[in-house]
Each structure stands twice: as C-alpha cells, then as structure tokens.
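Structural features, examined
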Amino acid sequence: MILGEHLATAISCLHLTNRSVMLHTSLRSFGTVIDGGADAILDALLSRGCTVMTPAFTEPQFGVSAPVDMRPARNGVDHTAPPVSDTVPEVDPYRVDCGLINPALGLLPAVLVGRDDAVRGRHPLNSFAAIGPESAEIIDVQSPDDVYGPIRELADRDGVILLIGVGHDCMTALHLAEQRSGRRMFQRWARDVDGAVRMVEVGSCSAGFPKLEPVLGPLAQSVMVGASRWRAFPARQAIAVAAATIAAQQNITHCPDAGCLLCRHAIAGGPLDS
Ligand SMILES: [Zn+2]
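Just so you know, these numbers come straight off a predicted model, no measurement behind them. Just so you know, the residues in each chain are numbered from 1, in the order the chain's sequence is written. Restriction of local features to residues with pLDDT of at least 70 applies here, the model being predicted, together with a cutoff of 80 or more for giving and counting side-chain atom pairs; totals for whole chains, interfaces and linings are based on all residues.

Overview of the overall build of the chain
Think of it this way: any DSSP run of H or I at least four residues long counts as a helix, any run of E at least two long counts as a strand, and we number them from the N terminus. Across its full length, the chain holds ten helices and nine strands. With the C-alpha coordinates aligned to their principal axes, the bounding extent of the chain is approximately 55 × 40 × 30 Å. Contacts spanning at least 24 positions in sequence make up 74% of the contacts within the chain whose residues lie at least 6 apart. With C-beta atoms placed from the backbone, a contact is any residue pair whose C-beta atoms sit within 7 Å.

Here it is in structure tokens:
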C-alpha cells in the first residue's frame, strides 16, 4: 500500500514544495492501493504549499455540432463524413459550477473538480481546474479564445508539469508548444453563456507527443512511488524546447495513424480563416 509518507518523500525529491503543478495521473500505475486514494495525492501536494491544476474537459457534455456557417477549412473535421447533422443539440451552456467532467480524464481530476475550493476556467469544452494558493490567478486567464492561458500562466510562475505514471501523450502543455511553433488551434463548437453557438479553441491529436521524449527526457527529474514513475518537468523549459523542436520539424508530432486528419491539418498549420 502507498502511504502518505511515500507521497511526501516523492514531492520532496522532485522539489515541488510551494510550486504550481500541472498534474496528469494514472492511479493504476502505482500497482497497489493508495491509502486515501486520489484525495491523498491532492492533499500531499496541497500540504506542501503546491497549487494543483488538472484538465477538466467537458467535450461529451457541452460539445455541439458545427453550424454550417462556422466550418473553417483545415480544422481537423471532415464535414462530408456521415453522420452529418446540421441540427445543434439543445444543451445548456457550460458553467464553471456545472460539476461535470469527461470521465475519460480519470478519477483524480473529478475529485479535484468536486472540492469546494476548486477554481475552474471559463472554457466550455477544455476548462482547467485548480486548487491551492495560486489557483485563482492561474485559472482566471482562461477564455474560449485562450484555451491554454492557464498553462502559460503556470509556466510563467516557474510551475512544474508532473506526469504520474503516464506518458507525453497526456502532457496537455505540449498543445501550447504546438501553438508557439506557429500552429493555429482547432476550433470546435459550444454554447456561449448567452446560449448562442460559438467556436472555441481546442487542442489537436496528442498520440504522437511521445516522439518528443529525446528533447523532453533530459529535463525530467524522476522518482518511483510503488510501481508508478513520477516525472517532473519545468514547464517553461519543456514548452520552449518542444516548441522549438516542432517548429524545426513539424512532422515530429504526427501520431502512428498515417491517415489521422487531426495530425495532417495541425501539421499544415491548423484552421484557415473561414
Ligand atoms: Zn493523430
């Protein structure tokens, strides 16, 4: 069983005390029970002065289909493919207090979002949520047109990206690196606070991000907790080296699926003005 003292030791070894941490976690990676579960990981970080941020995405709950007059070219979507629906589902607009989250993100982000003092960003499909001393300032910069503002803010504050038993394909910050390399972010569709459908920025395919390991790996500090490998990356440096690498070799992020439309359009530069 993983105990609080094991988590505390890892946090000390990785020099995370008082830092803001972008967290991506596989609870299964520990290979055993964690005493206190996801809450224990959050509390271990919070008790050492960390701010903890996770993705809190809600595409399944708040995504709507594309209105015919909001379909930019090269946007990672084949509008000719069935099923084509021009009707927009009647869903309520996203609210920061909706309490919903994409279950595919796993248990820990859901636990964080459910805490009373969690702060959540104003993006209907790809919000981030945070808890801890810097959470309000970091989350406040997010908007539907600036999906990765909180990651930029965390990096500017000398924050850390912590991968707990997961790979670079889970490192959301690499989408910010794609943007910095010159790519435009894809547009998807959701209801604005007033109920009208609008386009919002989202990320692309991340299945090729493990190919950035040769440039990201040297930045990582690592520690094992049970069977779980924790890797901490300084966010600012990781984003900078990834952006430079992608800019020099756009194709490097292509995923193993040669026919991936998301990768093809992202590598070409992302959506064009409609
Ligand atoms: Zn792909």
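We are not done yet, so read on.
A look at the nonpolar core
Ranked by size, the top nonpolar core spans 70 residues in total, and within it Met22, Val52, Ile161, Leu162, Ala173 and Ala235 carry the most contacts. Once residues lying within four places of it in the same chain are set aside, the contact partners of Met22 are Met53, Ile151, Leu154, Gly159, Ile161, Leu162, Ala173 and Ala235. Listed in part, the five residues of the second largest apolar core include Cys205, Leu262, Cys263 and Ala266. What we call a nonpolar core is a set of buried Ala, Val, Leu, Ile, Met, Phe, Trp, Tyr and Cys residues whose membership is set by joining through C-beta atoms within 7 Å. In this scheme every C-beta is placed from the backbone, and a residue whose C-beta has 20 or more other C-beta atoms within 10 Å is buried, one with 12 or fewer is exposed, and one in between is partly exposed.

Description of helix α1 (residues 4-13)
Note: α-helices contain 3.6 residues per turn, so residues at a spacing of three or four share the same orientation. Along α1, the residues that are buried comprise His6, Leu7, Ala10 and Ile11. Buried residues of α1, viewed axially, fall in a sector of 135 degrees; they line one side. Away from the buried face of α1 by more than 90 degrees, exposed residues Glu5 and Ser12 are located. Check the buried side of α1 and you find it contacts α2 (37-46), β8 (221-225) and β9 (228-234). Looking at the residues trailing α1, positive phi occurs at His15, about 55 degrees. Arc definition: directions from the helix axis to the C-beta atoms.

Here we look at the sheet that holds β9
Here the rule is simple: two strands pair whenever DSSP picks up at least two bridges between them. With mixed pairing, the seven strands of this open sheet are ordered in space as β3-β4-β2-β1-β5-β9-β8. The sheet is open, and its two borders are formed by β3 (119-120) and β8, each paired with just one other strand. Angular values range over 0 to 180 degrees, each being the angle between N-to-C directions of two axes fitted as lines to C-alpha atoms, with helices fitted over their stretch in contact. In this fold helix α9 (residues 235-248) packs onto β1 (20-25), β5 (160-164) and β9, with an angle of close to 80 degrees to the strand it touches most, β9.

Notes on the pairing of β8
Pairing geometry for β8 and β9, over five bridges, is antiparallel. Paired with Val223 across the bridge in β9 is Trp230. Between β8 and β9, which follow one another and run antiparallel, lie two residues, and Gly226 among them has a positive phi close to 60 degrees.

Here we look at the packing of α1 against α2
Geometry of a packed helix pair, given as the angle between the helix axes and the separation of the axes. Orientation of α1 relative to α2, taken along the N-to-C sense of each, is 45 degrees, at an axis distance of 10 Å. Viewed along their axes, α1 and α2 adopt a mutual orientation that is oblique. The hand of the α1/α2 crossing is right-handed. For the pair α1 and α2, contact is made by Gly4, Leu7, Ala8 and Ile11 and by Ala40, Ile41, Ala44 and Leu45, respectively. The residue makeup of the contact of α1 with α2, split by class, is seven nonpolar, one polar and no charged. With respect to orientation, any angle under 35 degrees is reported as roughly parallel, any angle over 145 as roughly antiparallel, any angle of 65 to 115 as roughly perpendicular, and every other angle as oblique. Crossing handedness follows the turn of the near helix against the far one: under a right angle anticlockwise gives a left-handed crossing, and clockwise gives a right-handed one. In the scheme used here, Gly and all other residues not listed as nonpolar or charged are polar, with Ala, Val, Leu, Ile, Met, Phe, Trp, Tyr, Cys and Pro taken as nonpolar and Asp, Glu, Lys and Arg as charged.

Topic: helix α6 (residues 149-156)
In terms of burial, α6 is largely enclosed, as seven of its eight residues are buried. Regarding α6, the residues found buried are Gly149, Pro150, Ile151, Arg152, Glu153, Leu154 and Ala155. Contacts made by the buried residues of α6 are with β1, β2 (51-55), β4 (128-131), α5 (135-139), α7 (173-180) and α9. Downstream of α6 by a residue or two, Asp158 has a phi angle that is positive, lying close to 65 degrees.

What to know about unusual backbone geometry
The backbone phi angle of His15 is positive, close to 55 degrees, even though this residue is not glycine. Mapped onto the secondary structure, His15 falls in the loop between α1 and β1. Given 12 C-beta atoms within a 10 Å radius, His15 is considered exposed. One non-glycine residue, Asn18, lies in the positive phi region at around 65 degrees. Relative to the helices and strands, Asn18 is located in the loop between α1 and β1. The class of Asn18 is exposed, set by 12 C-beta atoms lying within 10 Å.

Considering the packing of α7 against α9
For the pair α7 and α9, interaxial distance at closest approach is 8 Å and the crossing angle is 45 degrees. Overall, the two elements α7 and α9 adopt an arrangement that is oblique. When the axes of α7 and α9 are compared, the crossing they make is right-handed. Together, Ala173, Leu174, Leu176, Ala177, Glu178 and Arg180 of α7 and Ala235, Ala238, Ile239, Ala242, Ala243 and Ile246 of α9 make up the contact between the two elements. Residues that form the contact of α7 with α9 fall into these classes: ten nonpolar, no polar and two charged.

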